[in-house]
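Each chain, written out:
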Amino acid sequence: MMTSRTLARLAARHRHRDLLFEALGLLVMLVVMLALAALFAHLAIDGLARLQGGFFVDYPSRHAERAGILSAWVGSLLVMLVTALSAVPIGVGAGIYLEEYARKGWLAALIEINVGNLAGVPSVLYGLLALGLFVYHLGLGESVLTAGLTLAMLILPLVIVATREAIRAVPTEIREAAYGLGASRWQVVRDHVLPYSMPGMLTGVILALARAIGETAPLITIGALTFIAFLPPAPVSAEMPFVNADWLFSPFTVMPIQIFNWISRPDPGFHANAAAAGLVLVGMTLAMNACAIWLRYRARKRIRW
Amino acid sequence: MASLLLLAASSAVLITVAIVVILVGESWGFFAQVSLREFLTGHEWTPMFAEPRYGIAPLLAGTVTVSLIALLVAVPLGILTAIYLSEFARPRVREVVKPMLELISGMPTVVFGYFALLFVTPWLQRVIPGLPGYNMLSAGLVVGLMIVPYISSLSEDAMRSVPMHLREASYGLGASRFQTALRVVVPAAMSGIVAACVLAISRAIGETMIVAIAAGQQPNLSFDPTETAATITAYIVQVAMGDLPHGSIGYRSIFAAGLVLFVLTLFFNICGYWLRRRYREAY
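None of these values were measured; they are calculated from a predicted model.

What counts, and at which threshold
- Residues numbered from 1 in each chain as written.
- Chains lettered and ligands numbered in written order.
- Predicted model: local features only at pLDDT ≥ 70, side-chain atom pairs only at ≥ 80, totals over all residues.
- Heavy atoms only, no water.
- Helix = DSSP H or I, 4+ residues; strand = E, 2+ residues; numbered from the N terminus.
- Rg over C-alpha atoms; globule rule 2.2 N^0.38 Å.
- Contact = heavy atoms within 4.5 Å.
- Lys, Arg positive; Asp, Glu negative; His and termini not counted.
- Charge placed at Lys NZ, Arg CZ, Asp CG, Glu CD.
- Axes fitted to C-alpha atoms, helices over the stretch in contact; angles between N-to-C directions.
- Parallel < 35°, antiparallel > 145°, perpendicular 65-115°, else oblique.
- Buried area = accessible area lost by both parts, 1.4 Å probe.
- Salt bridge = Lys/Arg side-chain N within 4 Å of Asp/Glu carboxyl O.
- Polar contact = N/O pair within 3.5 Å; in protein donor to acceptor, adjacent residues only side chain to side chain.
- Expected span 1.5 Å × (residues − 1).
- Buried < 20%, exposed > 50% of the residue type's maximum accessible area, 1.4 Å probe, protein only.
- Arc of directions from axis to C-beta.
- Core = buried A, V, L, I, M, F, W, Y, C linked by side-chain atoms within 4.5 Å.
- Phe/Tyr/Trp six-rings, centres within 6.5 Å; stacked < 30°, edge-to-face > 60°.
- pLDDT = per-residue confidence, 0-100.
- Disulfide = S-S within 2.5 Å.
- Patch = residues over 30% accessible without salt bridge, like charges linked within 9 Å, V, L, I, M, F, W, Y side chains within 5 Å.
- Areas by Shrake-Rupley, 256 points an atom, 1.4 Å probe, with all protein chains shown as cover.

Enquirer: Explanation requested: the overall build of chain A in the structure shown.
Expert: A tally of helices and strands in chain A yields eleven helices and zero strands. Ordered by position from the N terminus, the helices and strands of chain A form the series α-α-α-α-α-α-α-α-α-α-α. Computed over its C-alpha atoms, the radius of gyration of chain A comes to 25 Å, more than 25% above the 19 Å expected for a compact globule of 305 residues. Sequence-distant contacts, at least 24 apart, represent 74% of the contacts inside chain A between residues at least 6 apart. The averaged location of the 17 negative side-chain charges in chain A is 12 Å from the averaged location of its 23 positive side-chain charges.

Take a look at the structure:
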């Protein structure tokens with residue numbers, strides 16, 4: 001028989017157990033947060049001293065104090081450019097097709113399954129694919145173009161998913177109103193769906209690029225070099241024909257590979273460089289994430305369905 | 001216009017086909033020279049020696065050991081975090097914790113590798129005397145840290161999608177929050193939680209940079225975490241950094257290793273996908 005005394009004791013026991021579990025949960029959070037804080041603290045302690053102006057405009061060198069990340073961040077920028085220009089048209093196109101044009105048949109299901117599967121493929125396998133296909137089969141060599149295409153394949157699932165979600169958020173009434181006025185499917189997409197989903201897509205693309213900028217394994221596999229003391233040739237020059245595409249086929253390096261190279265050396269001076277470069281890379285990634293989140297916030301505010 | 005878009009959409013299929021074709025194609029050349037039996041049952045992986053041996057077991061042992069350690073860390077932390085966030089946490093705590101977890105999952109893995117080599121390893125060396133500079137334990141621990149957001153966010157999704165009325169029925173019968181979480185919500189979300197762990201396994205197996213930096217690049221058939229070893233992924237990167245003539249057997253060996261990796265992750269991804277469909281359909 002449950003007296004009020006037993007009930008009170010039971011309730012107290014429950015409360016205590018709940019509190020205990022809550023404390024356990026907080027402890028787990030704390031452990032994870034401490035690990036993250038230790039990581040950043042270590043990066044800062046090791047690397048902040050090296051973050052002076054010269055670091056950003058010097059080439060890597062055999063001497064740790066004189067080594068810089070110029071070729072690395074320029075390389076990262078150029079590779080990101082190629083990646084964005086390759087992944088966005090294809091990813092957005094695929095997303096539009098899957099959301100607006102596809103009928104529920106085997107083809108759409110096949111494409112969806114593949115997109116889901118590709119999202120789970122380890123990044124190093126994209127590097128192997130690019131090595132076999134782009135570097136040797138198509139003869140593009142170990143160049144900025146190959147790197148951009150490799151990373152574009154890597155982030156393609158992310159761009160497709162982001163595009164689909166952005167398009168799905170557009171209410172059907174808008175589409176139906178346009179159809180009701182006699183618009184063709186492409187007109188509806190181009191003039192009504194795309195403008196409204198543009199901010200969402202942009203957010204997704206920026207997040208995907210933030211992921212791509214930190215990828216190391218596929219680029220090492222295709223042969224990005226780690227000691228580059230030159231920059232890819234400039235796209236514009238003073239002589240005819242004034243614009244060229246040589247920079248696409250030039251050898252290159254990127255930030256994460258430079259970090260990897262420096263960390264693999266036994267000299268602690270280079271470890272400090274690696275920490276400093278790590279800070280820059282994490283800063284770039286955080287900036288891109290913040291940009292994407294701010295865009296999403298602004299877009300949500302302006303939309304009035 | 002529709003056909004252009006269809007072409008773009010079929011790129012996903014084309015890429016998958018290309019991966020399979022390239023991996024199988026180059027491995028075909030590899031297996032023309034190395035017997036499948038030696039590959040699967042051999043105990044040494046020494047492609048660079050004068051007398052090369054091609055047994056994948058050392059690489060598999062490295063991959064399995066690192067992934068196991070990572071899971072031992074990430075599964076408890078991740079599931080506890082998910083239970084806490086979904087059943088107990090106040091909104092304020094959630095606002096702090098979720099961005100932090102997203103931060104972890106967005107960080108470049110080289111930075112984690114730096115952390116493993118220059119912070120975790122020296123710290124472990126104080127606890128375990130005689131630990132070599134490159135070891136699987138420190139790599140495994142950091143891979144585990146990196147995977148916690150995967151497990152926690154997928155598990156939390158699974159737990160969130162358990163209908164409220166199940167919880168309310170439990171509370172109505174006088175259960176505490178702890179009892180409800182453990183006896184009602186977690187069993188109901190179990191297939192989603194298991195899916196999260198399976199997908200995390202796939203991620204751990206495919207991790208490259210942390211193990212390449214912190215676990216070393218010496219293939220070693222051992223499950224002892226205090227030893228140096230190489231994983232499948234670290235081997236691929238190590239060879240790709242060197243100079244191997246295109247078409248040589250050493251070059252082809254990375255494709256064979258890549259094929260094994262592809263099959264492993266495909267298996268776990270399919271398991272995870274199937275499990276997720278099961279929990280989504282239940283509601």
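Enquirer: Looking at this structure, how should I read the packing of helix α5 (residues 123–137) of chain A against helix α2 (residues 11–33) of chain B?
Expert: When two helices pack together, their arrangement is given by the angle between their axes and by how far apart the axes lie. Where α5(A) meets α2(B), the axes come as close as 9 Å, and the angle between the chain directions of the two elements is 75°. By the angle between their axes, α5(A) is roughly perpendicular relative to α2(B). On α2(B), the residues touching A:Leu125, A:Tyr126, A:Leu128, A:Leu129, A:Gly132 and A:Leu133 of α5(A) are B:Ile15, B:Ala18, B:Ile19, B:Ile22 and B:Leu23.

Enquirer: Just checking my understanding: could you explain the interface of chain A and chain B for this structure?
Expert: Interfaces are often described in size by the accessible area the parts lose on coming together. On the side of chain B, 68 residues touch chain A, which itself brings 64 residues to the contact. Interface area for chain A against chain B, summed over the two sides, is near 6,300 Å², with a carbon-plus-sulfur share of 82%. At the junction of chain A and chain B, the tally comes to one salt bridge. For A:Glu22, the salt bridge identified is with B:Arg90, shortest N-O distance 2.6 Å. Linking chain A with chain B are ten residue pairs in polar contact (both at pLDDT 80 or more). At the level of elements, α1 (4–47), α3 (70–101), α4 (106–119), α5, α6 (144–168), α9 (217–221), α10 (255–263) and α11 (268–302) of chain A are the ones that each hand at least two residues to the side of chain A that touches chain B.

Enquirer: Explanation requested: α4(A) in the structure shown.
Expert: Three- or four-residue spacings in an α-helix give side chains the same orientation, since the helix completes a turn every 3.6 residues. Taking 1.5 Å per residue, 14 residues should reach 20 Å; α4(A) reaches 20 Å between its end C-alpha atoms and fits that length. When we look at burial in α4(A), the residues that qualify are A:Ala108, A:Ile111, A:Asn114, A:Val115, A:Asn117 and A:Leu118.

Enquirer: Where do I start with the environment of A:Val32 in this structure?
Expert: The residue A:Val32 is located in helix α1 in this model. For A:Val32, a relative accessible area of 3% puts it in the buried group. Other than its neighbours up to four places away in sequence, A:Val32 contacts B:Leu77, B:Met100, B:Ile104 and B:Leu145.

Enquirer: Looking at this structure, how should I read the side chain of B:Glu207?
Expert: All names here are of chain B. Its location among the elements puts Glu207 in the loop between α10 (190–205) and α11 (209–214). Using a relative accessible area of 4% as the deciding quantity, one classes Glu207 as buried. Residues contacting Glu207, with those up to four places away along its chain left out, are Thr109, Val143, Met146 and Thr233.

Enquirer: Hey, could you run me through helix α5 (residues 91–106) of chain B in this one?
Expert: Taking 1.5 Å of rise per residue, 16 residues should cover 22 Å, and α5(B) covers 23 Å from first to last C-alpha, within 8% of that figure. Within α5(B), the full set of buried residues consists of B:Val97, B:Met100, B:Leu101 and B:Ile104. Along the long axis of α5(B), the arc covered by the buried residues comes to 100°, so they all point the same way. Opposite the buried face of α5(B), by more than 90 degrees, sit the exposed residues B:Pro91, B:Arg92, B:Glu95 and B:Glu102. The inward-facing, buried residues of α5(B) abut α1 of chain A together with α4 (57–88), α6 (109–127) and α7 (136–160) of chain B.

Enquirer: What exactly am I supposed to notice about the nonpolar core here?
Expert: Note on soluble globular proteins: their nonpolar side chains tend to be buried together. In terms of nonpolar packing, the biggest core is built from 191 residues, with B:Ile19, B:Phe112 and B:Ile147 touching the most fellow members. Ranked by residue count, the leading element in this core is α3(A), at 14 residues. Contacts of B:Ile147, omitting those with residues within four sequence positions, involve B:Ala70, B:Ala74, B:Ala200 and B:Ala204.

Enquirer: Help me understand the packing of aromatic side chains, please; the structure alone is not making it clear to me.
Expert: Where two aromatic rings form a pair, the distance of their centres and the angle of their planes describe that pair. A full pass over the atoms with the stated rule returns 16 aromatic pairs over all chains. Between the aromatic rings of A:Phe21 and B:Phe178, the centroid separation amounts to 5.0 Å while the plane-to-plane angle is 50°, which identifies the pairing as tilted. Pair noted here: A:Phe21 is in helix α1 and B:Phe178 is in helix α9 (residues 177–188), and the two residues belong to different chains. The exposure class assigned to A:Phe21 is buried, which follows from its relative accessible area of 9%. When its relative accessible area of 17% is taken as the criterion, B:Phe178 is described as buried. Centroid distance B:Phe30 to B:Tyr54: 5.4 Å. Interplanar angle 90°. Geometry classified as edge-to-face. Of this pair, B:Phe30 sits in helix α2 while B:Tyr54 sits in strand β2 (residues 53–54); the two residues are 24 residues apart in sequence, bridging distant segments of the chain. Residues B:Phe30 and B:Tyr54 agree in their burial class; the two are buried. Members of the aromatic cluster, joined through ring pairs, are B:Phe30, B:Phe31, B:Phe39, B:Trp45, B:Tyr54 and B:Tyr235.

Enquirer: What is the right way to read the confidence of the model for chain B from this model?
Expert: Caution applies to low-pLDDT regions: their predicted coordinates should not be interpreted in detail. Across chain B, the average pLDDT comes to 89, with 98% of residues at or above 70. Scored by ipTM, the complex comes to 0.91, with pTM at 0.90.

Enquirer: Got a minute to help me understand the state of the cysteines in this structure?
Expert: Residues and elements named next belong to chain B. Counted by the stated rule, this structure contains zero disulfides over all chains. Between Cys271, a free cysteine, and Cys197, which holds the nearest cysteine sulfur, the sulfur-to-sulfur gap is 13 Å. On the basis of relative accessibility, which here comes to 26%, the residue Cys271 falls in the partly exposed class.

Enquirer: Can you walk me through a positive patch on the surface in this structure?
Expert: A cluster of like positive charges, contributed by A:Arg5, A:Arg9, A:Arg13, A:Arg17 and B:Arg183, occupies part of the molecular surface. A total of four residues in the positive patch trace back to one element, the largest contributor, which is α1(A). By the element assignment, A:Arg5 lies in helix α1. Exposure remark for A:Arg5: the relative accessible area of 60% places this residue in the exposed category.

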